[in-house]
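Here is what each chain is made of, one letter per residue.
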Amino acid sequence: MATNRYQESARLLGRAKQVLASGVSSEFRKYNHPHAIFYTHGQGSRIYDVDGNEYLDFTLSQGPLIVGHSHPAVLAAIQEYSTQGQLFAGQHLKEIELAEKLHQLIPSAELMRFCLDGSEAVQTAFRVARAKTGKPKFLRFEGHYHGWLDNVAWGISAPSIDALGSREHPQAYPWSGGLSAYSREEFMILPWNDIELVRRTVAEHCGELAAIITEPVMCNNGCIVPQPGFLEGLRELCDTYGIALIFDEVITGFRLGLGGAQQYFGVTPDLSIFAKAIASGYPISAIVGKREWMEEIETARVIHAGTMNASNATVAAALATIDVLEQDPDTYARMFRLGRKLMQGLREAADKTGQSLLVQGMGPMFNTSFTPLQQIRDYRDTLSNDKAKLNAFIAGLHDRGIRVIGRGLWYISAIHTDEEIEQAVAVATEVLKSL
Ligand code: PLP
């Protein structure tokens, strides 16, 4: 319910709606509580809205702000490098430095190209895979998000389990109107985390499959960790049948460690996508991969372009963000520890208040849902979530100054503290009691 607490945001939203479609610039920004909110500034782990409300932020701008809002080292690097120009339609020194850094940190990053965001880097990976293999389709998994473009805007959400069809032959439910019917021809889809099912399907369709794309941790729905052997099984299948294994590390990149999920799980994909946390909220992404795949671009058989790619400010932001993350060797250990402490605190709060809150994930990112299940293993399981209750939980947190992504996803940054984790647990306990 819109209360006085959000009245200035409500007023600005009314004004914005006159000129911006539904008042926002991205679909997901509509789903704040109690409506899209307008912010004035962010500092460290806190963000402030136009009504003067302060929030302890676990949204981190949907993931990118891994070193928090307005980190002084990031802002200083951008300021300094930007004074030399914005964009040259040509190369610049720091671009090589960033590529060398990623090459050193990410196991599969033999060659790379920079793009603007995750969505377009994903499409570049598909193009490379199709060019090298000469095959037309990719295999993807239910509930995995790979951007908003047509060929991946299916099978992300569904109104019910029935709408998904059988596990062996799922119906990919369209996420948007206006999707090209041809885009449905470009992919096959399966439930995640079931290697036997993938094995059978790939054996039957290997002649058509150029790529298998997966989030290495299914962050976007339920924050599901891969079953032991699942990622290794995908690697083996791709090797057997000459298929590109693509890891979409848009969330896991720089969040599970500087080498991404591929380093964490010890499975090296052929191609992978890094975006979000790479540059503290500045628009840069990277498609990185093994030389034998990326040379499709090197030899210009595959075209990849973009006027705005690797602009001075974004490259400087990425180098500075990585520098901050590297400075303290305990950064990731601390993010894991704090995340797990928060997860445990929420579980105990749920026990105390008798709520069926499932807290699942890895620490640096995790998910909360209200379900009778003990574990969520794939997208179909996520449909057991009591959405009304989750909405009430997220709204209750928001009204008390804790900001979490509406679908129950929490991100931890390198600058959250023990005290803030304890504050979040105390507030969550209060909210859970009230539900
Ligand atoms: N892949 C994953 C796993 C994502 O979470 C997202 C965005 O949330 C994307 C791709 C698309 O990235 P972008 O929003 O930068 O286009």
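Residues numbered from 1 in each chain as written. Predicted model: local features only at pLDDT ≥ 70, side-chain atom pairs only at ≥ 80, totals over all residues.

*Asks:* Please explain the packing of helix α3 (residues 93-105) against helix α10 (residues 312-327) as it appears in this structure.
*Replies:* Between two packed helices, both the angle of their axes relative to each other and the distance between the axes serve to describe the pair. The interhelical angle for the contact between α3 and α10, taken along N-to-C directions, is 40 degrees, at an axis separation of 9 Å. Taken together, α3 and α10 sit at an angle that is classed as oblique. The two elements α3 and α10 meet at a crossing, and its hand is left-handed. On the side of α3, the interface is formed by Lys-94, Glu-95, Glu-97, Leu-98 and Lys-101, while α10 contributes Val-315, Ala-316, Ala-318, Leu-319 and Ile-322. Residues of the contact of α3 with α10, tallied by class, amount to 6 nonpolar, no polar and 4 charged. (Axes fitted to C-alpha atoms, helices over the stretch in contact; angles between N-to-C directions. Helix = DSSP H or I, 4+ residues; strand = E, 2+ residues; numbered from the N terminus. Parallel < 35°, antiparallel > 145°, perpendicular 65-115°, else oblique. Left-handed = near helix turned anticlockwise from the far one by under 90°. Contact = placed C-beta atoms within 7 Å. Nonpolar A, V, L, I, M, F, W, Y, C, P; charged D, E, K, R; others polar.)

*Asks:* Mind showing me how you'd approach the domain arrangement of the protein chain here?
*Replies:* One widely used convention gives an interface's size as the accessible area the parts lose upon coming together. Domain annotation for the protein chain reports domain 1 (4-70 + 330-434) and domain 2 (72-327). On a C-alpha basis, the centres of domain 1 and domain 2 stand 25 Å from each other. With 27 residues of domain 1 at the contact, the number on the domain 2 side is 29 residues. When contributions to the side of domain 1 that touches domain 2 are tallied by element, the ones reaching two or more residues are α11 (331-353), β11 (357-361), β12 (365-370) and α12 (379-382). Of the residues assigned to the side of domain 1 that touches domain 2, the class counts are 14 nonpolar, 9 polar and 4 charged. (Domains from an automatic or database assignment.)

*Asks:* Could you clarify how one ought to interpret the nonpolar core in this entry?
*Replies:* In summary, soluble globular proteins display a tendency toward joint burial of nonpolar side chains. Counting 120 residues, the largest nonpolar core has Ala-125, Ala-129, Phe-138, Ala-211, Ile-212, Ala-244 and Ile-246 as the members making the most contacts within it. Sequence-distant contacts of Ala-129, defined by excluding residues within four places in its chain, comprise Phe-138, Ala-210, Ala-211, Ala-244, Ile-246 and Leu-271. (Core = buried A, V, L, I, M, F, W, Y, C linked by C-beta atoms within 7 Å. Buried ≥ 20, exposed ≤ 12 C-beta atoms within 10 Å, placed from the backbone.)

*Asks:* For this particular structure, what's the right way to read the sheet that holds strand β10 (residues 285-289)?
*Replies:* Backbone hydrogen bonds are what pair the strands of a sheet, in a parallel or an antiparallel way. Taking strand neighbours across the sheet as the criterion, the 7 strands line up as β4-β10-β9-β8-β7-β5-β6 in an open arrangement whose pairing is mixed. At either margin of the open sheet sits one strand with a lone partner, and together these are β4 (111-115) and β6 (187-190). Ignoring which end each strand starts from, the neighbouring axes of this sheet average 20 degrees apart. Relative to β10, strand β9 (residues 271-274) is paired through 4 bridges, and the arrangement is antiparallel. Residue Ser-272 lies in a different strand from β10, and its bridge partner there is Val-288. Contacts from helix α4 (residues 118-133) reach β4, β5 (137-141), β7 (209-214), β8 (244-248), β9 and β10, with the element oriented near 170 degrees to β9. The strands that helix α9 (residues 291-298) touches are β4, β8, β9 and β10; relative to β4, the one it contacts most, it runs at about 50 degrees. (Pairing = 2+ DSSP bridges.)

*Asks:* Please clarify how the sheet that holds β12 should be interpreted in this entry.
*Replies:* A sheet is described by the order of its strands in space; here 3 strands give the open sequence β11-β12-β14, paired in antiparallel fashion. The sheet terminates laterally at β11 and β14 (409-411), the two strands that pair on one side only. Taken pair by pair, the neighbouring strands of this sheet meet at an average axis angle of 25 degrees, ignoring direction. As judged from the 5 bridges shared by β11 and β12, these two strands associate in the antiparallel manner. Residue Gln-360 lies in a different strand from β12, and its bridge partner there is Asn-367. Here α11 sits on the sheet in contact with β11 and β12, set at roughly 165 degrees to β11.

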